Amino acid sequence: QVQLVESGGGLVQAGGSLRLSCTASGSIVTMYVMRWYRQAPGKQRELVATITSGGSTNYADAVKGRFTISRDNAKNTMYLQMNSLTPDDTATYLCNAGVFVKATNSPIQAWGQGTQVTVSS
């Protein structure tokens, strides 16, 4: 009913930048809070950044000042601009969104499949 697809991951050297995108499609009435998570091998999933439908943002301490979350509600798309990347940022980045689904007239939590970010030293 609703699909989230991430893109923009890749291999980058330490100090470099990447911009991730997460686009939602399907039976969408509206989208609520959207979040970026990341998960590195052997580690728990970590909340990276949050953005409300009104544009209020929140960040994990580890990424404050380096990452910027944004969204384009007209395009059902969320972004994560990542600057000054370090090897510790290496992980699979996943997007999550609260979505009100038209087909079922109910809210769900939708997840993407993830995009790999690898930062070399």
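For the structure, see preceding data.
Residues numbered from 1 in each chain as written. Predicted model: local features only at pLDDT ≥ 70, side-chain atom pairs only at ≥ 80, totals over all residues. Heavy atoms only, no water.

(A) Structural view of the overall build of the chain. A tally of regular secondary structure across the chain gives zero helices and 11 strands. Sequence-ordered secondary structure for the chain, helices as α and strands as β, is β-β-β-β-β-β-β-β-β-β-β. Scaling as 2.2 N^0.38, a compact globule of 121 residues should have a C-alpha radius of gyration of about 14 Å, and the chain matches this with 14 Å. Projecting the C-alpha coordinates of the chain onto the three principal axes gives extents of approximately 45 × 25 × 25 Å. Here the chain, with 121 residues, has 40% of them falling under the buried criterion. (Helix = DSSP H or I, 4+ residues; strand = E, 2+ residues; numbered from the N terminus. Rg over C-alpha atoms; globule rule 2.2 N^0.38 Å. Buried < 20%, exposed > 50% of the residue type's maximum accessible area, 1.4 Å probe, protein only.)

(B) Representation of the environment of Thr-118. Residue placement: Thr-118 occurs in strand β11 (residues 115-120). Overall, the relative accessible area of 29% leaves Thr-118 in the partly exposed class. Residues Thr-118 and Ala-14 lie 104 residues apart in sequence; the distance between their C-alpha atoms is 9.4 Å. With residues near it in sequence (within four places) discarded, Thr-118 still touches Gly-10, Leu-11, Val-12 and Thr-90. At 3.4 Å, the side chain of Thr-118 forms a polar contact with the side chain of Gln-116. (Contact = heavy atoms within 4.5 Å. Polar contact = N/O pair within 3.5 Å; in protein donor to acceptor, adjacent residues only side chain to side chain.)

(C) The state of the cysteines, seen in detail. Enumeration over the complete set of coordinates arrives at one disulfide. Note on cysteine connectivity: Cys-22 is disulfide-linked to Cys-95, with sulfurs 2.1 Å apart. Because the sign of the S-S torsion sets the handedness, a value of about 65° for the bond joining Cys-22 and Cys-95 places this disulfide among the right-handed ones. Residue Cys-22 is found in strand β3 (residues 18-26), and its partner Cys-95 is found in strand β9 (residues 91-101); the two are separated by 73 residues along the sequence. (Disulfide = S-S within 2.5 Å.)

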